[in-house]
Amino acid sequence: MLDTHARKHVQPLIVKVADFFMKYNFTANQVTIMAFFMGISTGIFIYLKKPMIAITVLWISGLLDAVDGTIAREKGSTPFGTVMDITFDRLVEISVILGLAFRFSHTRMIMLILTCSIIFSMTVFLTTGMMAEKKGTKSFYYQAGVAERTEGFIFFTMMMLFTSYINPIGIVFFSAVIFTASQRLIEARKILG
């Protein structure tokens, strides 16, 4: 929801960062790779009991993930760049989930259910994107929903800050993801007939 409706408020910052990288001839794929390595370090910092560093690198990786798309729209994107971007986004999420599960063993069942809900949501999202005609500014059909990437980062941040409440936060998180997946499935039915 925030990715769809609040992007316009942070887009000026994203453009400034993208301009900085383009000034030094970075490609969208290079920024995607930087975002990936920064993002997967989140799980390591969670496990090492460094939540503030984990939160910082998670959000910087999210910023870079938005920047790579801006660069791709400016300089052109490649199909493999899109594959890399979507794949690396999921690997960052897996890193956070694993970091939380290994650091806080009592959360493992919730983390497993959260992972399953993300798989469900991404399956609907990607197959709809594949089957629908390309629309919008992205290189694939983008289905908005209640739980988009920014909401996920907010939930992950809350889990890192309020460790006594990881399980209840996780329940709300996977409920939001399931709701979003259901929204997307209903929309897919309308779009694809």
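Residues numbered from 1 in each chain as written. Predicted model: local features only at pLDDT ≥ 70, side-chain atom pairs only at ≥ 80, totals over all residues. Heavy atoms only, no water.

Mean pLDDT over the protein chain stands at 92; residues scoring 70 or higher make up 95%. Between the elements of the protein chain, mean pLDDT differs from a low of 71, seen in helix H1 (residues 2–5), to a high of 98, seen in helix H3 (residues 28–47). (pLDDT = per-residue confidence, 0-100. Helix = DSSP H or I, 4+ residues; strand = E, 2+ residues; numbered from the N terminus.)

As a further point, take unusual backbone geometry. Here the phi dihedral of asparagine 25 falls at roughly 60 degrees; this positive angle occurs in a residue that is not glycine. Mapped onto the secondary structure, asparagine 25 falls in the loop between helix H2 (7–23) and H3. A relative accessible area of 59% places asparagine 25 in the exposed class. Unlike most non-glycine residues, lysine 49 shows phi in positive territory, near 65 degrees. In this structure, lysine 49 sits in the loop between H3 and helix H4 (51–75). (Buried < 20%, exposed > 50% of the residue type's maximum accessible area, 1.4 Å probe, protein only.)

Turning our attention to the environment of proline 51. Here proline 51 is to be found in helix H4. Using a relative accessible area of 33% as the deciding quantity, one classes proline 51 as partly exposed. When the C-alpha positions of proline 51 and leucine 112 are compared, they lie 21 Å apart, and in sequence the two are 61 residues distant. Residues contacting proline 51, with those up to four places away along its chain left out, are Phe45 and Met160. (Contact = heavy atoms within 4.5 Å.)

Glancing now at helix H6 (residues 108–131). The end-to-end C-alpha separation of H6 is 34 Å, in line with the 34 Å expected for 24 residues at 1.5 Å each. For H6, the full list of buried residues reads Ile110, Met111, Leu114, Ser117, Ile118, Ser121, Met122, Val124, Phe125, Thr128 and Gly129. On the buried face of H6, the contacting elements are helix H5 (79–103), helix H7 (149–161) and helix H8 (166–192). (Expected span 1.5 Å × (residues − 1).)

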